[in-house]
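Breakdown of the fold
Residues per chain are reported as follows:
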Amino acid sequence: VVYEQEGVFIHSSCGKNDDQDSLIAGILRVLEKENEVIVDWRPLDDTLDTSNILCAGKDSSSVVEWTQTPKEKCSRGADRPSSYEAEWDMVTTVSFKKKPHSNGDATTHANGESKWSFLFSLTDLKSIKQNKEGMGWSYLVFCLKDDVKLPALHFHHGDSRLLIECLEKHVVLNESPQDKRMLLVNSQNKSLSQSFENLFDEPSYGLLQKLKKDPYTVTMGRFSKVTNYIFDSFRLSDPSTQRRPPSEMADFLNDAIPGLKINQQEEPGFEVITRIDLGKQPEVSRREPVSTEEWAKNMDSEGRILNVDYIKHLIFKGGLCHTLRKEAWKFLLGYFPWNSTKEERANLQKRKTDEYFRMKLQWKSVSEEQEKRNSRLRDYRSLIEKDVNRTDRTNKFYEGEDNPGLILLHDILMTYCMYDFDLGYVQGMSDLLSPLLYVMENEVDAFWCFVSYMDQMHQNFEEQMQGMKTQLIQLSTLLRLLDSGFCSYLESQDSGYLYFCFRWLLIRFKREFSFQDILRLWEVMWTELPCQNFHLLLCCAILESEKQQIMDKHYGFNEILKHINELSMKIDVEYILCKAEAISMQMMNCKELPQAVSEILGIEGTSVAPDSDTGEDESGAVLSCPTSLYQSIPTSVTAANGTRDSTQQMSETQSLTPA
């Protein structure tokens, strides 16, 4: 319970005299329940009765009464505890029937108790109408989506200001331009919401309505808490629409998103992929993190990195010791050019410091009156404040509500809105920033590293979210090559579109590994070795590791979603890095690697599997096996046969310039 107020009345206009209101005293609460925020009002004499609850129906011509079925009354009535926990559990067991209602009259049941109780989720709230100032008691009228209006709530003991402040912690409320008394609910996550409307937009299917209402909370929160809802959403009353055949799932998604073709067996090229034998995965080993001594040895007297490719390889194989991260991450992210000297980097930092504080001053100098007229900036600030409060507090750097680290997170994200006002702030960005700020321990350096990181990640947060769609398609292609049987099983369980990997891709596994492990994982990925889109191979490695349990226990849609979600903080980062590297070697050594896979991994000069079964291209030539920079650098590899191989260290290469 995050808000509670007694003395909140409904004026029912059902008194003995036509001009006299019947005052129904009640208690108003705001409840945080798992991934939902619920507004609940009920009469004082009915605060613990869960047998009948009223809420506005989809058509505003009636009220829907939630009543227990006879079976439920028998099984739960005697021993069911009278509490909000029990009350919320009823949501999954109630039956619905229309209840007549006229002129707002209060309904009286056989026991004489008034049954005006209602509750609704904030995801269903459209607007709030307030009373005119100085006109009697303060009151609010909640209007839900589909223009359903609930009875006005009159605050006889105090005003409604505290309730509005409470609701603003969960939704963005903006004053209507046409009516200052009207507060409109803005989408908390416009980009994600629109993308999910594209992903799941088929009314007859009733698919994942909860995700469509609040995709960020559901995606970033614990999937396992909503799996029952999702599972049941496939079971409609019409037998013809129950549990579509698995073969139709890919067609459904492809219709929803033009160009999205996930796991369609009839898709050209997929049949060829399923017949390719990749052979056994080699065993690979990892080394110790790069030390300060190794880093210093690879730098000349003026501070230039001598062999960029070699140092990247060392980082890929072992990561960095923590004391090096503050310096090395600036190179890996492109903030510092690899061929720059110490003096050049110092001058760059000075210029970037001036530029940062000029942008910071822009939003710091905006007055409250100006911000009221700038709805986008106001929305950005509200989202940032909400997201910063969700920051992972397992690291001491972000402990406490007034921690300087949290304040800097807020300031950097607000400044980024000035830097890229079109993109602005989308929920999830704070997940990408918090490790950067922790490592840099400097506001300016953290900001410019974040800018560089967002240059790589911005497509994940754009309104159309094309980057996310592309990655899901690419992941499906890689997984089918790796294990077509597992892909077929996932499809048979309506899971072939790999939605459960969405969170992994959106914020690069930030919620899947511990804070320290994510530092290691990110710096390895930033080397861009051994191929492009290595993060997709990490997804493949995790899924392949869980394949046996999923298939042996015959997990269905619901169980797969729950199982994948519960892997969070239980994945061994070093094991997954080894496995993903082994998968990359397995694919790069394949003599008939499909063209689509070669393009995803960025492998050039690869033997490409044609659409025919001949193993030759149109000219009849067979291309050479891939040779990559990664393969040309010495690496200790334990092959499947137990032999060890090391290639000769490549000569000193030209320095690279930042993107």
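Quick summary incoming for the structure in this document. (Residues numbered from 1 in each chain as written. Predicted model: local features only at pLDDT ≥ 70, side-chain atom pairs only at ≥ 80, totals over all residues. Heavy atoms only, no water.)

**Re the nonpolar core**
Side chains that are nonpolar tend, in soluble globular proteins, to be buried together. In plain terms, the rule: Put simply, buried Ala, Val, Leu, Ile, Met, Phe, Trp, Tyr and Cys residues joined by side-chain atoms within 4.5 Å make one nonpolar core. Categorising residues by exposure relies on relative accessible area from a 1.4 Å probe, with only protein chains included: less than 20% of the type maximum marks a residue as buried, more than 50% marks it as exposed, and the intermediate range marks it as partly exposed. Per the convention used, a helix needs a DSSP run of H or I reaching at least four residues, while a strand needs a run of E reaching at least two, with both numbered from the N terminus. The split of the chain into domains comes from an automatic or database domain assignment.
The biggest cluster of nonpolar side chains holds 124 residues, and the ones touching the most others in it are Trp 295, Met 429, Phe 461, Phe 509 and Met 587. In terms of residues, this core owes the most to one element, helix H18 (residues 443–461), which gives 11 residues. Domain assignment of the residues forming this core places at least three in each of domain 2 (320–460) and domain 3 (466–601). Ranked by size, the runner-up nonpolar core spans 30 residues in total, among them Phe 118, Leu 153, Phe 155 and Cys 166.

**Details of the pattern of salt bridges**
Our working rule: The rule for a salt bridge is simple: a side-chain nitrogen of Lys or Arg has to be within 4 Å of a carboxyl oxygen of Asp or Glu.
Scanning the model with the defined rule gives 26 salt bridges in all. For Glu 165, the salt bridge is made with Arg 161, and the minimal N-O distance between the two is 3.2 Å. Linking Glu 165 with Arg 161, this pair stays in helix H3 (residues 161–167), spanning four residues, or about one helical turn. A salt bridge links Arg 325 to Glu 523; the shortest N-O distance between them is 2.8 Å.

**What to know about the packing of helix H17 (residues 429–440) against helix H22 (residues 515–526)**
Selection criterion: Simply put, an axis is a line fit to the C-alpha atoms, just over the touching stretch for a helix, and the angle between two N-to-C directions goes from 0 to 180 degrees. For classification purposes, an angle smaller than 35 degrees is called roughly parallel, one larger than 145 roughly antiparallel, one from 65 to 115 roughly perpendicular, and anything else oblique. Contact definition: two residues touch when any of their heavy atoms are within 4.5 Å. In this classification, the charged set is Asp, Glu, Lys and Arg, the nonpolar set is Ala, Val, Leu, Ile, Met, Phe, Trp, Tyr, Cys and Pro, and all remaining amino acids, among them Gly, are polar.
At a minimum axis separation of 11 Å, H17 and H22 run at an interaxial angle of 95 degrees. Between H17 and H22, the angle is such that the two are roughly perpendicular. Counting all contacts with H17, which are made through Asp 431, Leu 432, Ser 434, Pro 435, Leu 436, Tyr 438 and Val 439, the residues of H22 involved are Phe 515, Gln 516, Ile 518, Leu 519, Trp 522 and Trp 526. Class assignment of the residues belonging to the contact of H17 with H22 gives a composition of 10 nonpolar, two polar and one charged.

**A word on helix H15 (residues 375–388)**
Filter applied, for reference: Helices are assigned an expected span. That span is 1.5 Å times one less than the residue count.
For H15, spanning 14 residues, the distance from its first C-alpha to its last is 20 Å, which sits close to the expected 20 Å at 1.5 Å a residue. Within H15, the full set of buried residues consists of Leu 377, Asp 379, Tyr 380, Arg 381, Leu 383, Ile 384, Lys 386, Asp 387 and Val 388.

**Some thoughts on the environment of Arg 378**
Its place among the elements puts Arg 378 in helix H15. The exposure class of Arg 378 is partly exposed, given its relative accessible area of 21%. The sequence separation of Arg 378 and Glu 368 amounts to 10 residues, and the corresponding C-alpha distance is 9.6 Å. Setting aside anything within four residues of it in sequence, one finds Arg 378 in contact with Asn 174, Glu 371, Lys 372 and Arg 373.

**Describing helix H16 (residues 404–419)**
The end-to-end C-alpha distance of H16 is 22 Å, a good match for the 22 Å that 16 residues give at a rise of 1.5 Å each. Listed as buried for H16 are Gly 405, Leu 406, Leu 409, His 410, Asp 411, Ile 412, Leu 413, Met 414, Thr 415, Tyr 416 and Cys 417. In this fold, the buried residues of H16 make contact with helix H13 (342–364), H15, H17 and H18.

**Topic: the environment of Thr 527**
We apply this condition: Nitrogen and oxygen atoms within 3.5 Å of one another constitute a polar contact, given that in protein one can donate a hydrogen and the other can accept it, and given that sequence-neighbouring residues count only through two side-chain atoms.
Counting through the fold element by element, Thr 527 comes out in the loop between H22 and helix H23 (534–552). What Thr 527 contacts, discounting residues up to four positions off in sequence, is Lys 312, Ile 315, Phe 316 and Leu 332. A polar side-chain atom of Thr 527 sits 2.7 Å from the main-chain carbonyl oxygen of Val 524.

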